[in-house]
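Chain by chain, the residues:
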Amino acid sequence: MTTATDAENQFLENMPGEIKEVLRWHADAQSRGQASQSIADFAGRFLGGMYEDGAVLPTNLSASAPEVLALVLLQHRTSPRSTGAWLNLGFALRRVALYRTQDPEETNRARLQSAVQAFDRALELDADNNGKNIRAWTGMSLAYHMLDMYEKELECCVRALESDRSDPKLWLLYSFALKFAGREDEALSTMNDAYETYIRAGRPDELREVFADVQSTTQRPCRQRMAQ
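Residues numbered from 1 in each chain as written. Predicted model: local features only at pLDDT ≥ 70, side-chain atom pairs only at ≥ 80, totals over all residues. Heavy atoms only, no water.

A look at the overall build of the chain
Next, step 1: Scanning the chain from N- to C-terminus turns up 11 helices and zero strands.
Next, step 2: Residues counted as buried form 44% of the 228 residues belonging to the chain.
Next, step 3: Considering only intrachain contacts with a sequence separation of at least 6, the fraction spanning at least 24 residues in the chain is 59%.
Next, step 4: Accessible area of the chain: about 12400 Å², with a carbon and sulfur share of 46%. (Helix = DSSP H or I, 4+ residues; strand = E, 2+ residues; numbered from the N terminus. Buried < 20%, exposed > 50% of the residue type's maximum accessible area, 1.4 Å probe, protein only. Contact = heavy atoms within 4.5 Å. Areas by Shrake-Rupley, 256 points an atom, 1.4 Å probe, with all protein chains shown as cover.)

Describing the packing of aromatic side chains
Two aromatic rings are characterised by how far apart their centres lie and by the angle between their planes.
Next, step 1: All told, the structure shown has 10 aromatic pairs when counted by the stated rule.
Next, step 2: Ring plane angle 80° and centroid distance 5.0 Å describe the contact between phenylalanine 91 and phenylalanine 119, whose orientation is recorded as edge-to-face. Linking phenylalanine 91 in helix 5 (residues 83–99) with phenylalanine 119 in helix 6 (residues 105–124), this pair joins segments that are 28 residues apart in sequence.
Next, step 3: Owing to a relative accessible area of 0%, phenylalanine 119 belongs among the buried residues under this scheme.
Next, step 4: A ring pair is formed by tryptophan 171 and tyrosine 174, whose centres lie 6.5 Å apart and whose planes are at 65°; its orientation type is edge-to-face. Residue tryptophan 171 and its partner tyrosine 174 are both found in helix 9 (residues 168–180); the two are separated by three residues, about one turn of the helix.
Next, step 5: A relative accessible area of 8% places tryptophan 171 in the buried class.
Next, step 6: Overall, the relative accessible area of 16% leaves tyrosine 174 in the buried class.
Next, step 7: Among the aromatic residues, ring-to-ring pairing joins Phe42, Phe46 and Tyr99 into one connected group. (Phe/Tyr/Trp six-rings, centres within 6.5 Å; stacked < 30°, edge-to-face > 60°.)

As for the nonpolar core
As a rule of thumb, nonpolar side chains are buried together in soluble globular proteins.
Next, step 1: Ranked by size, the top nonpolar core spans 63 residues in total, and within it Ile19, Phe46, Met50, Leu69 and Met140 carry the most contacts.
Next, step 2: Setting aside its immediate chain neighbours within four residues, methionine 50 contacts Ala55, Leu57, Leu69, Val72, Asn88, Phe91, Ala92 and Arg95. (Core = buried A, V, L, I, M, F, W, Y, C linked by side-chain atoms within 4.5 Å.)

Details of the side chain of asparagine 88
Next, step 1: Within the secondary structure, asparagine 88 is located in helix 5.
Next, step 2: What asparagine 88 contacts, discounting residues up to four positions off in sequence, is Met50, Ala55, Val56, Leu57 and Val72.

What about helix 5?
Next, step 1: Between its terminal C-alpha atoms helix 5 stretches 25 Å, which fits the 24 Å expected from 17 residues at 1.5 Å a residue.
Next, step 2: One side-chain oxygen of the residue at the start of helix 5 lies 3.4 Å from the amide nitrogen of glycine 84, identifying that residue as serine 82. (Expected span 1.5 Å × (residues − 1). Polar contact = N/O pair within 3.5 Å; in protein donor to acceptor, adjacent residues only side chain to side chain.)

Examining the confidence of the model for the chain
Next, step 1: In the predicted model, the chain carries a mean pLDDT of 86, and 86% of its residues have values of at least 70.
Next, step 2: Here helix 1 (residues 4–11) stands out as the element of the chain with the lowest mean pLDDT, 58, in contrast to helix 5, whose mean of 96 is the highest.
Next, step 3: Confidence drops under a pLDDT of 50 for residues 1–5, and excluding neighbours within four residues, the segment shows three contacts in the predicted structure.
Next, step 4: Note on residues 220–228: pLDDT is under 50 here. Beyond four places in sequence and across chains, it has nine contacts. (pLDDT = per-residue confidence, 0-100.)

So, the pattern of salt bridges
Next, step 1: Per the stated rule, a full pass over the model turns up 10 salt bridges.
Next, step 2: Measuring nitrogen to oxygen at the nearest pair gives 3.9 Å for the salt bridge that ties arginine 200 to glutamate 196. Residue arginine 200 and its partner glutamate 196 are located together in helix 10 (residues 184–200), separated by four residues, close to a single helical turn.
Next, step 3: Judged by relative accessible area, which is 62%, arginine 200 ranks as exposed.
Next, step 4: Classification of glutamate 196 as buried rests on a relative accessible area of 12%.
Next, step 5: A salt bridge links arginine 208 to aspartate 205; the shortest N-O distance between them is 2.9 Å. Highlighted residues: arginine 208 and aspartate 205, both in helix 11 (residues 205–227), separated by three residues, approximately one helical turn.
Next, step 6: Relative accessible area serves as the criterion here: at 40%, arginine 208 is assigned to the partly exposed category. (Salt bridge = Lys/Arg side-chain N within 4 Å of Asp/Glu carboxyl O.)

Regarding the packing of helix 5 against helix 7 (residues 130–146)
Next, step 1: Where helix 5 meets helix 7, the axes come as close as 10 Å, and the angle between the chain directions of the two elements is 25°. What the angle tells us is that helix 5 and helix 7 run roughly parallel. Remark: the crossing between helix 5 and helix 7 carries left-handed chirality. Facing Thr83, Leu87, Phe91, Arg94, Ala97 and Leu98 of helix 5, the residues of helix 7 in contact are Lys132, Arg135, Ala136, Gly139, Leu142, Ala143 and Met146. (Axes fitted to C-alpha atoms, helices over the stretch in contact; angles between N-to-C directions. Parallel < 35°, antiparallel > 145°, perpendicular 65-115°, else oblique. Left-handed = near helix turned anticlockwise from the far one by under 90°.)

This is the structure:
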């Protein structure tokens, strides 16, 4: 069984300075006061990015953004059997690689590979939790995309879509994965499916801008297919 020390060495050793600062602030429990504005601003932005990616963050806490971020980053150590802990760790590691573009490529690749491991661990735990599994597969697809492993990305998108074919966001991810895997004809056809699913889902507001850009190229084929 992986110990807390092993987990820390594996997943948190290559964290950038901002993350280390949050963790140091959190560890200094005796003299810890309110976090500096720079720490609070960074933690708020980072948590916002994780949420957009699909992380499951606590919403009923009165804790500050730095404290929530520290708890999220350390939860895989305190609760190693928690699926959410590993899921959120994967999103955090992928998010670090996304914004630390100035770091060496091998450092970010190591972060992304660790993110894949975290998502994989989330999939192993609570295997019947479909909602969690979809988030894990999509998170893993994002990590594989950044690793330029497009076939692996596509496999993850397929697994997510198999779990819920009614979500237009999953159809979009699948379409983009097909394009990067060099299957552009299939990608265009799948974009039509994504648009149809968007319509059936009631045109959710968070996707309205996305589909406004593709509506002109997809609406006519979609109408023709629906009329058949």
